[in-house]
Amino acid sequence: MAKAGGTSGGGGKKSLKRKAAAQEPQEATVVAGDAATENGVPPPKAAAFPPGFSISEIKNKQRRHLMFTRWKQQQRKEKLAAKKKLKKERDALGDKAPPKPVPKTIDNQRVYDETTVDPNDEEVAYDEATDEFSSYFNRQTSPKILITTSDRPHGRTVRLCEQLSTVIPDSHVYYRRGLALKKIIPQCISRDFTDLIVINEDRKIPNGLILCHLPNGPTAHFKMSSVRLRKEIKRRGKDPTEHVPEIILNNFTTRLGHSIGRMFASLFPHNPQFIGRQVATFHNQRDYIFFRFHRYIFKSEKKVGIQELGPRFTLKLRSLQKGTFDSKYGEYEWVHKPREMDTSRRKFHL
């Protein structure tokens, strides 16, 4: 019995050796193909996959990665060839070539908002003439801004306030010293301040901005992100001068966006000093408001260069409240509710 078992075991070992010997040429071919790819020699054409086969079904990780790389290269070649063919056809047609198709983006596929502002609408003109900012746009008042922070601010927040004061003319930085906003607002009104800016922080990083228009509101609360101070901006220009900058407001198209744009505009005086060549930009894109501060330089009669002066940051509107700041009894005109309002990526509110 023992001999029979030993014989069968030896036969099993011989059969395993035969299988291993049969598999060695195949493995050597695969290794040689991989080495040829690394040396720059084009590998032999792989066998076509059956229809419905996915590369993710390949269990060997290295082989799966190799096949996926080849597939991506093939896709790029086909795309490039199609572009070249289309360009040749357009060059051959010349002026008779059809217009280029407009690429689809989230911005140009935006869902239409019923509150989009028409500049010629009489109702909009009446609202602008009677809202809280009418005295500024009628040039009855001039902006005077108070900039402060949350309690016990850290260095980064303090530096941001100081740099903002160089961007906004006639702005003053005061430290909070533990006072509540409800006590600060009456003091601001008595000293003829027209706006109050409060910069909040979390873990030593500025993360929020409250903008309160005085004396009758409204009050906007923004989330702040992507803050970059002047020293952190590459290839920035020299420090800004004391000239009054120009202001650019982009893409504030709805009634809500129109109110926010007028709120930002009321921070700056009416008559910019063009000799300073400084521009403050509030650019709204997909409900994110990007703030940039530049100086433009005339290189020639046709070319203009720009230098970013800083600081820069991004704002996201969280709420708009009627009247001055009152977190307990305040009446809100608009509140951002992510679960209800962010169901579609093509729906914007500003």
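Treat the numbers as computed from the prediction; the structure is a model and nothing was measured. (Residues numbered from 1 in each chain as written. Predicted model: local features only at pLDDT ≥ 70, side-chain atom pairs only at ≥ 80, totals over all residues. Heavy atoms only, no water.)

Draft legend 1. Up close: the overall build of the protein chain. In terms of helices and strands, the protein chain carries eight helices and eleven strands. Looking at the protein chain as a whole, 33% of its 350 residues are labelled buried. Contacts spanning at least 24 positions in sequence make up 63% of the contacts within the protein chain whose residues lie at least 6 apart. Entry remark: accessible area of the protein chain is about 23900 Å², with carbon and sulfur atoms responsible for 53%. (Helix = DSSP H or I, 4+ residues; strand = E, 2+ residues; numbered from the N terminus. Buried < 20%, exposed > 50% of the residue type's maximum accessible area, 1.4 Å probe, protein only. Contact = heavy atoms within 4.5 Å. Areas by Shrake-Rupley, 256 points an atom, 1.4 Å probe, with all protein chains shown as cover.)

Draft legend 2. Structural view of the side chain of H294. Following the sequence through the fold, H294 ends up in strand β8 (residues 288-298). For H294, a relative accessible area of 18% translates into the label buried. Those residues in contact with H294, other than ones at most four positions away along the chain, are R277, Q278, V279, I306, Q307, E308 and L309.

Draft legend 3. Region of the structure containing the pairing of strand β4 (residues 205-213). Most of β4 is tucked away, with seven of its nine residues classed as buried. Taken together, the eight bridges between strand β3 (residues 195-202) and β4 define a ladder with antiparallel strand orientation. For D195, the partnering residue across the bridge sits in β4 and is H213. Connecting β3 to the antiparallel partner β4 that follows it, the hairpin turn spans two residues, and R203 within it adopts a positive phi of roughly 55°. Judged from the five bridges that link them, β4 and strand β5 (residues 219-228) form a sheet pairing that is antiparallel. Considered in β5, the bridge of L209 is made with F222. The antiparallel hairpin formed by β4 and β5 contains five residues in its connecting segment, where G217 sits at a positive phi of about 85°. (Pairing = 2+ DSSP bridges.)

Draft legend 4. Structural view of the nonpolar core. Core analysis: the largest hydrophobic core is formed by 37 residues, its most contacted members being I197, F222, I260, F264 and I289. Filtering out sequence-adjacent residues up to four positions away, F222 remains in contact with N207, G208, L209, L211, I260, F264, I289, L315, K316, L317 and R318. In terms of nonpolar packing, the next biggest core, distinct from the first, is built from eleven residues, L146, L181, I210 and C212 among them. (Core = buried A, V, L, I, M, F, W, Y, C linked by side-chain atoms within 4.5 Å.)

Draft legend 5. The packing of helix α3 (residues 122-130) against helix α7 (residues 255-265), seen in detail. Between α3 and α7, the least distance of the axes is 12 Å, while the angle of their chain directions is 35°. The interaxial crossing formed by α3 with α7 has right-handed handedness. On α7, the residues touching E123, V124, D127 and E128 of α3 are R255, H258 and R262. Here the contact of α3 with α7 is composed, by residue class, of one nonpolar, one polar and five charged. (Axes fitted to C-alpha atoms, helices over the stretch in contact; angles between N-to-C directions. Left-handed = near helix turned anticlockwise from the far one by under 90°. Nonpolar A, V, L, I, M, F, W, Y, C, P; charged D, E, K, R; others polar.)

Draft legend 6. Structural view of the confidence of the model for the protein chain. Per-residue pLDDT for the protein chain has a mean of 85; in total, 85% of the residues score no lower than 70. Within the model, pLDDT remains below 50 along residues 1-37, and this stretch shows seven contacts once partners closer than five positions in the same chain are excluded. (pLDDT = per-residue confidence, 0-100.)

Draft legend 7. Molecular detail of the packing of aromatic side chains. By the definition in use, this model includes eight aromatic pairs. Pairing Y136 with F137 gives two aromatic rings, centres 4.9 Å apart and planes at 80°, and the pair type is edge-to-face. Put simply, the rings of F222, F264, F268, F282, F291 and F313 touch in pairs and so form one group of aromatic residues. Of note, K144 hangs over the ring of F193, and the distance from its end group to the ring centre comes to 4.7 Å. (Phe/Tyr/Trp six-rings, centres within 6.5 Å; stacked < 30°, edge-to-face > 60°. Lys NZ or Arg CZ within 6 Å of the ring centre and 35° of its normal.)

Draft legend 8. Local environment of unusual backbone geometry. With an omega dihedral of 5°, the bond running from L214 to P215 counts as a cis peptide bond. Along the polypeptide, P215 turns up in the loop between β4 and β5. Omega for the bond connecting G217 with P218 falls within 30 degrees of zero, at 5°, which places this linkage in the cis form. Mapped onto the elements of the fold, P218 is located in the loop between β4 and β5.

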